[in-house]
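Structural overview
The chain contents come next:
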Amino acid sequence: MPLSEIQREALEMAKKHGGRLIRWKGGFWTFEGARPSGERHCGSPTPEWYCTTNTVFALVRRGLMVIYSSECCYVKGGTGT
């Protein structure tokens with residue numbers, strides 16, 4: 001099954017930023033150094049770019065990412081794996 005657009009985007013963003021994504025409060029997965037967008041969701045600031053936990057888990061199930069902790073995941077074969 002091909003990757004969805006957001007799955008491809010999440011992999012590319014991780015690769016551009018050291019091979020990993022980090023989790024912000026509120027469940028937003030983004031890259032290290034992301035800035036707040038100015039919007040809020042349920043009281044938490046949203047980053048300028050993010051994907052959801054569902055996207056990260058889908059990439060893990062496909063063997064493309066590895067969750068290192070509840071706060072960090074890596075592209076498989078990249079930094080930290």
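A short tour of the structure in this document, coming up.

Here is what the cut-offs are and how they apply
Residues numbered from 1 in each chain as written. Predicted model: local features only at pLDDT ≥ 70, side-chain atom pairs only at ≥ 80, totals over all residues. Heavy atoms only, no water. Axes fitted to C-alpha atoms, helices over the stretch in contact; angles between N-to-C directions. Helix = DSSP H or I, 4+ residues; strand = E, 2+ residues; numbered from the N terminus. Parallel < 35°, antiparallel > 145°, perpendicular 65-115°, else oblique. Contact = heavy atoms within 4.5 Å. Nonpolar A, V, L, I, M, F, W, Y, C, P; charged D, E, K, R; others polar. Expected span 1.5 Å × (residues − 1). Buried < 20%, exposed > 50% of the residue type's maximum accessible area, 1.4 Å probe, protein only. Arc of directions from axis to C-beta. Salt bridge = Lys/Arg side-chain N within 4 Å of Asp/Glu carboxyl O. Polar contact = N/O pair within 3.5 Å; in protein donor to acceptor, adjacent residues only side chain to side chain.

**Some remarks on the packing of helix α1 (residues 5–16) against helix α2 (residues 53–61)**
- Relative orientation of the contacting elements α1 and α2 amounts to 80 degrees, with a least axis distance of 10 Å. Accordingly, the angle class assigned to the pair α1 and α2 is roughly perpendicular. Between α1 and α2, the contacting residues are I6, Q7, A10 and L11 on the first element and T55, A58 and L59 on the second.
- Residues of the contact of α1 with α2, tallied by class, amount to 5 nonpolar, 2 polar and no charged.

**Notes on α1**
- Compared with an ideal rise of 1.5 Å per residue, which puts 12 residues at 16 Å, α1 spans 16 Å between its outermost C-alpha atoms and is within 8% of the ideal.
- Along α1, the residues that are buried comprise Q7, A10, L11, M13 and A14. For α1, the angular spread of buried residues about the axis comes to 165 degrees, placing them on one side. Exposed residues lying more than 90 degrees from the buried face of α1 are E5 and K16.
- Residues of α1 that are buried make contact with β1 (20–24), α2, β5 (65–69) and β6 (72–75).
- Once α1 ends, the next one or two residues include G18, with phi positive near 80 degrees.

**A closer look at the pattern of salt bridges**
- Considering all chains together, one arrives at 3 salt bridges under this definition.
- Two residues, E48 and R35, come together in a salt bridge whose shortest N-O distance is 3.3 Å. With E48 in the loop between β4 (44–47) and α2 and R35 in the loop between β2 (28–30) and β3 (36–41), this residue pair connects regions lying 13 residues apart in the sequence.
- For R35, a relative accessible area of 56% gives the class exposed.

**As for the environment of Q7**
- Along the chain, the position of Q7 falls in helix α1.
- Considered as a pair, Q7 and L59 are 52 residues apart in the sequence and their alpha carbons are 6.9 Å apart.
- Among the polar contacts made by the side chain of Q7, one reaches the main-chain amide nitrogen of S4 at a distance of 2.9 Å.

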